[in-house]
Amino acid sequence: MQINRNFLELKDNYLFAAVGAKYRAFCKAHPEKDVIKLSVGDVTRPLAPCVISAMHRAVEEMAHAETFKGYGPDETCFGYPALIESIRGHYARRGVQIAAKEIFISDGAKSDLGNLLDLFSAENVVLIPDPVYPVYADTNIMAGRKIVFADANESNGFLPMPDGGVKADIIYLCSPNNPTGAVYDRAQLKAWVDYANRTGAVILYDAAYESFIRDDLPRSIFEIEGARGCAIEVCSFSKTAGFTGVRCGFSVVPQTLSRGGADLNRLWARRQITKFNGTSYITQMGAAAVFTEEGEKEISRNLDYYRGNAKIMTECLDGLKIPYTGGRNSPYIWMKCPNGMSSWAFFDYVLENACVVGTPGCGFGKNGEGYYRLTAFSTHEKTEEACRRITELLK
Ligand code: PLP
């Protein structure tokens with residue numbers, strides 16, 4: 001038998017493993033030291049009270065034969081109407097009309113980002129920003145696709161724009177970006193949409209961090225005219241509402257999106273009904289509570305908490321006159337390592353001298369070398385203390 005040899009092309013998941021190994025080794029060698037982790041992209045605030053109540057109610061329904069639920073409704077690929085309608089409302093409040101049949105509930109953005117590739121031939125060329133969330137490259141390496149990288153660097157504000165000389169069939173955009181925190185504005189997204197419509201490419205738009213946007217910037221690619229003809233949006237409740245452990249997300253595949261004579265919405269429905277059996281009813285009811293009036297108020301308290309952490313960190317970097325992107329419309333702060341240090345040299349320096357752990361930027365792509373990512377997902381107390389130590393070290 002033959003295995004999928006493309007898997008052998010993957011690099012070891014060396015970044016987070018190496019960060020974890022260095023962290024553990026340091027803690028073992030210095031058990032007396034209080035090491036603060038600002039490296040993990042996982043949330044720390046608990047679920048909002050209305051989400052908890054909705055999940056409790058759903059558990060109670062599961063306890064009685066009259067209200068018990070088995071598999072979800074197959075006409076919407078197992079998404080319950082309450083959740084689909086709440087997502088439609090979330091878009092409509094921003095002037096974007098999405099049909100119920102265009103929303104596909106998932107167990108999170110990561111699964112869909114990988115699974116959507118089932119719709120496309122392995123012959124397609126993929127365009128991926130560098131640096132970015134490593135899942136885009138790895139899932140395409142597994143499928144044996146050719147990858148072209150779009151350089152994101154200081155000169156383009158970490159927001160690469162279309163290059164007429166590059167031929168790509170699938171284009172990933174991540175805005176707000178992980179790890180740089182950079183966010184595309186409307187004119188920039190319009191340029192990508194026009195490019196994709198002109199060339200016949202499909203944009204896979206990762207909006208996992210859209211809820212962190214507070215300036216007048218697009219939170220969905222469907223705010224851009226023409227996007228319904230070229231884009232799929234992948235979204236998540238993970239960072240918006242603390243669902244990293246609960247697991248719920250959704251993708252929007254427009255019914256107006258066709259390629260190679262095929263309707264991608266129908267293909268995706270066919271794929272999901274074949275390979276997926278839905279997200280649990282209890283989870284979906286919790287997620288449906290997020291986009292209610294009460295839910296929006298409650299989650300904004302958590303988002304403001306993380307924004308407060310981002311402010312503490314950006315003020316610290318401003319004080320040190322260290323260049324960075326992100327922090328205002330994203331939970332990530334992407335700082336330039338001082339004195340031309342490499343990502344790993346700076347990581348070691350800060351760990352050893354300030355007992356703070358960030359993420360070396362080089363793990364997100366070659367353009368990440370010389371950068372370092374901090375996250376706003378810790379507590380105020382730890383963030384303040386980490387910044388005090390970093391200031392002391394670098395001032
Ligand atoms: N997209 C980006 C850019 C992310 O950073 C993450 C998680 O860190 C995800 C998607 C995955 O989100 P989920 O928890 O919904 O799978």
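Residues numbered from 1 in each chain as written. Predicted model: local features only at pLDDT ≥ 70, side-chain atom pairs only at ≥ 80, totals over all residues. Heavy atoms only, no water.

If you walk across this open sheet you meet the 4 strands as β11-β12-β15-β14, and the pairing is antiparallel. The open sheet has two free edges, formed respectively by β11 (324-326) and β14 (359-360), since each of these has just one partner strand. As judged from the 3 bridges shared by β11 and strand β12 (residues 332-336), these two strands associate in the antiparallel manner. In the strand pairing of β12, Thr325 is matched with Trp334. Sheet strands in contact with helix α10 (residues 293-320) are β11, β12 and β15 (371-375), and its direction is about 15 degrees off that of β12. Packed onto the sheet, helix α11 (residues 343-354) meets β12, β14 and β15 and runs at close to 50 degrees relative to β15. (Pairing = 2+ DSSP bridges. Helix = DSSP H or I, 4+ residues; strand = E, 2+ residues; numbered from the N terminus. Contact = heavy atoms within 4.5 Å. Axes fitted to C-alpha atoms, helices over the stretch in contact; angles between N-to-C directions.)

Right, let's talk about unusual backbone geometry for a bit. For the bond running from Asp130 to Pro131, omega is 5 degrees, close enough to zero to count as cis. One can find Pro131 in the loop between β3 (125-130) and α5 (135-142). With omega at 20 degrees, the peptide bond leading from Asn178 into Pro179 counts as cis. Note on placement: Pro179 falls in the loop between β5 (170-174) and α6 (186-199). In this model, Lys321 sits at a positive phi of 55 degrees, which is unusual for a non-glycine residue. Counting through the fold element by element, Lys321 comes out in the loop between α10 and β11. In this structure Lys321 comes out as exposed when scored by relative accessible area, which is 73%. (Buried < 20%, exposed > 50% of the residue type's maximum accessible area, 1.4 Å probe, protein only.)

Before going further, it helps to examine the domain arrangement of the chain. According to the domain assignment, the chain contains domain 1 (9-46 + 300-394) and domain 2 (49-293). Look at where the C-alpha atoms of domain 1 and domain 2 centre, and you get two points 27 Å apart. Summing both sides of the interface, domain 1 and domain 2 together bury roughly 2600 Å²; the carbon and sulfur share of this comes to 55%. Counting across the interface, domain 1 meets domain 2 through 3 salt bridges. The shortest N-O distance in the salt bridge between Asp151 and Lys366 comes to 2.9 Å. Inspection of the domain 1/domain 2 interface yields 17 residue pairs in polar contact (both at pLDDT 80 or more). For the side of domain 1 that touches domain 2, the secondary-structure elements that each account for two or more residues are α10, β11, β12 and β15. In terms of residue class, the side of domain 1 that touches domain 2 is built from 10 nonpolar, 10 polar and 7 charged. (Domains from an automatic or database assignment. Buried area = accessible area lost by both parts, 1.4 Å probe. Salt bridge = Lys/Arg side-chain N within 4 Å of Asp/Glu carboxyl O. Polar contact = N/O pair within 3.5 Å; in protein donor to acceptor, adjacent residues only side chain to side chain. Nonpolar A, V, L, I, M, F, W, Y, C, P; charged D, E, K, R; others polar.)

Take the site of the ligand next. Surrounding the ligand, one finds 15 residues, the nearest of these being Ala109, Asp206, Tyr209, Ser236 and Ser238. A distance of 2.6 Å separates an oxygen atom of the ligand from a polar side-chain atom of Tyr209. Within the contact set of the ligand, an oxygen atom lies 2.6 Å away from a side-chain nitrogen or oxygen of Ser238. Secondary-structure elements contributing two or more residues to the shell around the ligand are α4 (109-115) and α7 (238-241). With 3 residues, the single largest contributor to the shell around the ligand is α4. When its residues are assigned to classes, the shell around the ligand shows 7 nonpolar, 4 polar and 4 charged. (Near = heavy atom within 4 Å.)

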